[in-house]
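Here are the chains, one letter per residue:
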Amino acid sequence: MKNLNLSLILFSALIIFAGCNSSKSISGSSSSAVTSPEAAKNLTPAASKSEKFRKPGTNSFTLIAIPDTQGYVDFFAQTEHKKSFPCNQYLMNNRQMAFIAQNSVKNGGDFACAIHLGDFVNEGSWFKYEWKKADEALSYLDGQIPLISVIGNHDYDNHYKMVAGRAEWLKGSKMFNKYFGANSKYYKDKEWYGGSSENGLNNWIIFEGAGRKFLVIGFEVEPSAATLSWAQSVIDSHPDLPVIVATHSYITITDDEKDQANFIGRHYREDGLAPEEIHKSFILKNKNIFMVLCAHASSGDNCENSRIDTNEAGYPVYTLLSDFQTRNHIIRDLYPEYTGKVRYCGDGWLRLMNFDSNSKQIHVETWSTEYEKFETDEDSDFYLPISWDWEERFSK
């Protein structure tokens, strides 16, 4: 993490997952891999809530970002479609979601909100199987935690055509709206759900953490000027709320001359705006927006980046990228006998952000539900100050 005074801390955690016929318990502070490959092969998401990842506090809560899960549900990364593949990768996605649900505030943990940053599937509308498995995983969160999901470039119906050079721009959201859109089960009758734009691909929720309410706005890939106007009306209707913006494609893993993450260019939407234009014309003009979360960009183990800007009102804005899809070490670690092609998955990594009003900081962490450990390099474990006057910043 750049331009911050960093200090690293490793929490010990005990997580209990139940297997098909047995259970395992692993200490997250020292484990470098799951205890038993055989146990991992058969592992199903836990129902046990006897142990919590992090105990809830009256002045703290944790926000979860779920980036790019398409590798887990990849049609060709399942034994049922490719007999030579050593496992069904979709079970890793199920374990991630079960972990989040198990540790939600509703279930006695401190996870207050989950944000899926898009790319639920790998090939647009091509494989219905991928959508069903993505829905199977996210279903663990339904009714358990406030949730907002944004569409990724892989989630547009014609993504596979664009990859093949048969389409210039991304179009179509029939499958996304069916499973994860504004009218899906994930938002229906939820008291924390606010509403959506006309096309259902941009939405907003309000969640509560440590006694404070937060507004989260989810954007489609490269939102249009009309979408920004819609979002501005949402913010204007909630002038006293801190705002988090979530979108799939925004910054990259490369840096500019000031050691800040570069913005991604405009690539996907005919009527969309480039992320840097969105940043200047919308993000920095709204003093209530203090954080932007995104995914999409990664290469090998290089999956994280960030930038810190000062908005027009003089307050910091934190932009955080996490996208672990190109990490695929877990298959080799669990199945050393497998010599075939390894598909992308993500190795179970999630982005955790623990807000602490006592210390006036956000502890950004990176946790793997497969390895059951934290990653502690400077891009994966760092602190962001939130020492501003909350009443002054988040008001008319």
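Just so it is clear, the model here is predicted, and its values are computed rather than measured.

**Q** Now, about helix H4 (residues 128–138): what can you tell me, with residues and values included?
**A** Here H4 lies mainly inside the structure; eight of its eleven residues are buried. As for H4, its buried residues are in contact with helix H2 (70–73), helix H3 (90–102), strand S4 (111–116), strand S5 (147–149) and helix H6 (174–180).

**Q** Mind laying out the packing of helix H7 (residues 225–236) against helix H8 (residues 275–283), listing which residues take part and the relevant values?
**A** Look at H7 against H8: their axes get within 11 Å of each other, and the N-to-C directions meet at 35°. The crossing of H7 and H8 is right-handed. Along its contact with H7, which presents Leu228, Ala231, Gln232 and Ile235, the element H8 presents Ile278, Ser281 and Phe282. Grouping the amino acids of the contact of H7 with H8 by side-chain chemistry returns five nonpolar, two polar and no charged.

**Q** Requested: an account of the pattern of salt bridges, with residues and values cited.
**A** For the structure shown, the criterion picks out 13 salt bridges. When the shortest N-O distance is used, the salt bridge between Asp309 and Arg307 registers 2.8 Å. Here Asp309 and Arg307 have matching classes, each one buried. What you see here is one network of salt bridges that share partners, running through Glu220, Arg269 and Asp271.

**Q** Could you give an account of the environment of Asp256, with specific residues and numbers?
**A** In this structure, Asp256 sits in the loop between strand S10 (251–255) and strand S11 (261–263). Apart from residues lying up to four places away in sequence, Asp256 is in contact with Asn262 and Arg307.

**Q** Give a detailed account of the packing of aromatic side chains, specifying residues and quantitative values.
**A** For the structure on display, the rule yields 40 aromatic pairs. Ring centres of Phe61 and Phe207 lie 5.8 Å apart, and the angle between their planes is 75°; on these two criteria the pair is classed as edge-to-face. With Phe61 in strand S3 (residues 60–66) and Phe207 in strand S7 (residues 203–209), the pair connects residues that are 146 residues apart, well separated along the chain. We note that Phe61, like Phe207, is buried. Their ring planes at 85° and their centres at 5.6 Å tell us that Tyr250 and Phe263 sit as a pair that is edge-to-face. Of this pair, Tyr250 sits in the loop between strand S9 (243–246) and S10 while Phe263 is found in strand S11, placing the two residues 13 residues apart along the sequence. Phe263 shares its class with Tyr250; the two are buried. One aromatic cluster is present, built from ring pairs that chain together Phe61, Phe207, Phe214, Phe290, Tyr318, Phe355, Trp388, Trp390 and Phe394. Above the face of the Trp349 ring, Arg327 is positioned so that its terminal group lies 5.6 Å from the ring centre.

**Q** I'd like a rundown of the environment of Asp323, residues and numbers included.
**A** Within the fold, Asp323 resides in the loop between strand S14 (316–322) and helix H9 (329–334). C-alpha of Asp323 to C-alpha of Thr69: the two residues are 254 residues apart in sequence and 8.9 Å apart in space. The contacts of Asp323, once residues within four sequence positions are left out, are Pro67, Asp68, Ala295, His296, Ala297, Ser298 and Cys303. For Asp323, the side chain forms a polar contact with the main-chain nitrogen of Ala297, separated by 3.2 Å.

**Q** Please set out the side chain of Ser249 residue by residue, giving values where relevant.
**A** Within the secondary structure, Ser249 sits in the loop between S9 and S10. In this structure Ser249 comes out as buried when scored by relative accessible area, which is 3%. Setting aside residues no more than four positions away along its own chain, Ser249 makes contact with Ile264, Pro275 and His296.

**Q** So what's going on with the sheet that holds S14? Which residues, and what values?
**A** Read across the open sheet, the seven strands follow the order S6-S7-S8-S9-S12-S14-S13; overall the sheet is mixed. Taken across any chain shown, the strands that pair with only one partner, and hence form the sheet edges, are strand S6 (193–196) and strand S13 (304–310). Pairs of neighbouring strands in the sheet enclose a mean axial angle of 20°, with direction left out of account. Inspection of the sheet shows S7 paired to strand S8 (residues 212–218) by seven bridges, in the antiparallel sense. What sits directly across from Ile205, in S8, is Val216. Sheet strands touched by H7: S6, S7, S8, S9 and strand S12 (289–294). Its angle to S8, the strand with the most contacts, is close to 170°.

**Q** Can you break down a positive patch on the surface residue by residue, with the values?
**A** A cluster of basic residues, Lys128, Lys132, Lys174 and Lys178, forms a positive patch at the surface. Mapped onto the positive patch, the elements with two or more residues apiece are H4 and H6. Topologically, Lys132 is positioned in helix H4.

**Q** Provide a residue-level description of H3, including the pertinent values.
**A** For H3, spanning 13 residues, the distance from its first C-alpha to its last is 18 Å, which sits close to the expected 18 Å at 1.5 Å a residue. Most of H3 is tucked away, with 13 of its 13 residues classed as buried.

**Q** Residues and numbers for the packing of H3 against H4, please.
**A** At a minimum axis distance of 8 Å, the contact between H3 and H4 shows a crossing angle of 25°. Here H3 is positioned roughly parallel relative to H4, judged by the angle of their axes. For the pair H3 and H4, the sense of crossing is right-handed. Across the interface between the two elements, Tyr90, Asn93, Asn94 and Met97 from H3 touch Tyr129, Lys133, Glu136, Ala137 and Leu138 from H4. Looking at side-chain class alone, the contact of H3 with H4 contains five nonpolar, two polar and two charged residues.

How each quantity is defined
- Think of each chain on its own: its residues are numbered from 1, step by step along the sequence as written.
- Local features in a predicted model are, by the rule used here, given only for residues with pLDDT of at least 70; side-chain atom pairs are given and counted only at 80 or more, and totals for whole chains, interfaces and linings are based on all residues.
- Side-chain figures throughout are based on the complete set of non-hydrogen atoms in the structure, without hydrogens or water.
- Under the scheme applied here, a residue whose accessible area is under 20% of the maximum for its type counts as buried, over 50% as exposed, and between as partly exposed, the area being computed with a 1.4 Å probe on protein chains only.
- The secondary structure listing takes helices from DSSP runs of H or I that are at least 4 residues long and strands from runs of E that are at least 2 residues long, numbered from the N terminus.
- Contacts: residue pairs with any heavy atoms within 4.5 Å of one another.
- Orientation is described by axes fitted as lines to C-alpha atoms, over the contacting stretch for helices, and by angles from 0 to 180 degrees between their N-to-C directions.
- Helix crossings get a hand from a simple test, with the near helix turned counterclockwise from the far one by less than a right angle marking a left-handed crossing and a clockwise turn marking a right-handed one.
- The classification used treats Ala, Val, Leu, Ile, Met, Phe, Trp, Tyr, Cys and Pro as nonpolar, Asp, Glu, Lys and Arg as charged, and all other residues, Gly among them, as polar.
- Salt-bridge detection follows one rule: a side-chain nitrogen of Lys or Arg within 4 Å of a carboxyl oxygen of Asp or Glu.
- A pair of Phe, Tyr and Trp rings is counted when the ring centres sit within 6.5 Å of each other, with Trp represented by its six-membered ring. The angle between the planes then sorts it: under 30 degrees is stacked, over 60 is edge-to-face, the rest tilted.
- Consider the ring centre and the ring normal. A charge sits over the ring if Lys NZ or Arg CZ is within 6 Å of that centre and within 35 degrees of that normal.
- Any pair of N or O atoms that falls within 3.5 Å is considered a polar contact. Within protein, one atom must be able to donate a hydrogen and the other to accept it, and sequence-neighbouring residues count only if both atoms are side-chain atoms.
- Only when DSSP finds a minimum of two bridges between them are two strands counted as paired.
- Patch rule: a residue counts if its relative accessible area is over 30% and it has no salt bridge; like charges are joined within 9 Å, and nonpolar side chains (Val, Leu, Ile, Met, Phe, Trp, Tyr) within 5 Å.
- Note that accessible areas follow from Shrake-Rupley with a 1.4 Å probe, and for residues the cover is restricted to the protein chains shown.
- Counting rule for charge: Lys and Arg are taken as positive, Asp and Glu as negative, and neither His nor the chain ends is counted.
- Every charge is mapped onto a representative atom, which is NZ of Lys, CZ of Arg, CG of Asp or CD of Glu.
- The length a helix should cover is 1.5 Å for every residue beyond the first.
- Each angle gets one of four labels, with under 35 degrees taken as roughly parallel, over 145 as roughly antiparallel, 65 to 115 as roughly perpendicular, and the rest as oblique.

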